Amino acid sequence: MDGEFDIVVAGGGIAGLTAGLGAARLGCKTLVLAGDVLGGLLLSIEKIDGVPGFPDGVPGYDLCPMAQEQATAAGAQVVAARLDGLAPANGRWRLSTGEGETIAGAVILATGAQLRQLGLPAEQRLLGRGVSLCASCDAPLVRKRPVAVIGGGDSALQEALTLAEHAERVIVLHRGKALSAQAAYVDRARAHPRIELRFATAVDDILGDDRLTGVRIRDLESGTTAVLDAAALFVYIGLEPATSYLQEQLALDPGGRIPTDARMRTQLRGILAAGIVRSGSPGRAVGAAGEGAAAAVAAHAFLSGGEW
Ligand code: NDP
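These lines cover the structure that appears in this document, whether it is placed above or below. (Residues numbered from 1 in each chain as written. Predicted model: local features only at pLDDT ≥ 70, side-chain atom pairs only at ≥ 80, totals over all residues. Heavy atoms only, no water.)

1. Topic: the overall build of the protein chain
Convention followed: Strands here mean DSSP runs of E at least two residues long; helices mean DSSP runs of H or I at least four residues long; both are numbered from the N terminus. We compute the radius of gyration over the C-alpha atoms and compare it with the globule rule, which gives 2.2 Å times the number of residues raised to the power 0.38. Relative accessibility thresholds used throughout: buried, under 20% of the residue-type maximum; exposed, over 50%; partly exposed, between the two (1.4 Å probe, protein chains only). Here a residue-residue contact requires only that any non-hydrogen atoms of the pair lie within 4.5 Å. Per-residue and other accessible areas follow the Shrake-Rupley method at a 1.4 Å probe size, with only the shown protein chains counted as cover for residues.
Secondary structure assignment for the protein chain yields seven helices and 17 strands. Rg of the C-alpha trace for the protein chain: 21 Å, near the compact-globule value of 19 Å for 308 residues, within the 12% margin. For the protein chain, the proportion of its 308 residues judged to be buried stands at 50%. Long-range contacts, defined here as pairs at least 24 residues apart, represent 60% of the contacts in the protein chain between residues at least 6 apart. For the protein chain, the exposed area adds up to about 14000 Å²; of that, 50% sits on carbon and sulfur atoms.

Next comes the structure, spelled out in structure tokens:
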């Protein structure tokens, strides 16, 4: 990792890799800190929908390496390191990373998010033993067995559809009365013979000693509880933005995301944000890519002497 860069991008997901590609193409000396897992959350998605040019969707494990190759070919340096902290340094930024320190004229924060967890004690204990964070990875392991998915958003329904290709039955447990997922997923899930949608249902406990055997559910209207047998449980109840490196340098929105202006610029001169970590991001792969590209343009304009 060579010491000084025009632009350092933190994040190896689709927003970060597109920002790295854009910055390199604009002639900036660019480093992408791709974190521990290149591709971020999208890497584990079987089919990313809504990306122009891919009418049948594209697997995250295909799209992310392609985006990395493209950024590298354009001249960006991509390293497997995390951003740990940042501090002002004579009008530039000093970044501490898992691979040492580096200096940047502008920094694009595209660090994405982690899956939110329920917080039940058995969730961690049975992680990898029935409780799963990756439907596309584990779907083949639950062949012809019943599985449960928690959540009512795009992630829950998208992954339920993936699981339904393998499992005997997929029971989607949603605490609300209406799904918030996009119509394209809701319509397919409702029509799928192996997907059952249960509303006003909370999960009170995750059951099993060495391996998940099921979940204890509660009907939020009647208050009655029941045990639902399941070979696997997939928790898709939203995302936690990854911003721990910020150490209160920026005021975050109530959801923990980074506010920016329309050009992706934060309140800190030289710091921009893109993708799901950014306040107001639409949460689509194609939107994240667009924000990464816009952030690269704004960072380049700033380094070329533009106003902040
Ligand atoms: P969302 O925040 O959109 O949805 C979270 C779901 O989990 C809601 O149904 C919510 O219910 C429920 N929930 C939240 N907390 C709890 C809890 N403690 N217990 C039980 N249920 C809970 O998250 P997603 O991961 O679905 O989506 C994140 C972003 O990624 C969105 O912007 C989404 O559009 C995007 N996305 C886009 C895709 C695509 O375009 N193909 C695919 C996947 C994700 P409630 O409504 O009651 O709060």
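Following the structure, the description resumes.
2. Some details on the sheet that holds strand 9 (residues 146-150)
The line we're drawing: Any two strands are treated as partners once DSSP identifies two or more bridges connecting them.
An order of 8-15-9-10-11 is seen for the five strands of this open sheet, with the pairing classed as parallel. The open sheet has two edge strands with one neighbour each: strand 8 (131-132) and strand 11 (195-198).

3. Some details on the pattern of salt bridges
As a reminder, the rule being used: The salt bridge criterion pairs a side-chain nitrogen of Lys or Arg with a carboxyl oxygen of Asp or Glu, the two atoms within 4 Å.
This model, assessed by the stated rule, comprises 12 salt bridges. Arg169 is paired through a salt bridge with Glu196; the nearest N and O atoms lie 3.2 Å apart. With a gap of 27 residues between them, Arg169 in strand 10 (residues 169-173) and Glu196 in strand 11 connect regions that are remote in the sequence. Owing to a relative accessible area of 28%, Glu196 belongs among the partly exposed residues under this scheme. The partner of Asp205 in a salt bridge is Arg216, with the nearest N and O atoms 3.8 Å apart. A residue pair is termed long-range when its members are at least 10 positions apart, and Asp205 in strand 12 (residues 201-207) and Arg216 in strand 13 (residues 214-219) qualify at 11 residues. Judged by relative accessible area, Asp205 falls into the partly exposed class, the value being 27%. Residue Arg216 is classed as partly exposed on the basis of its relative accessible area, which comes to 32%. What emerges from the salt-bridge pattern is a single network uniting Arg169, Glu196 and Arg198.

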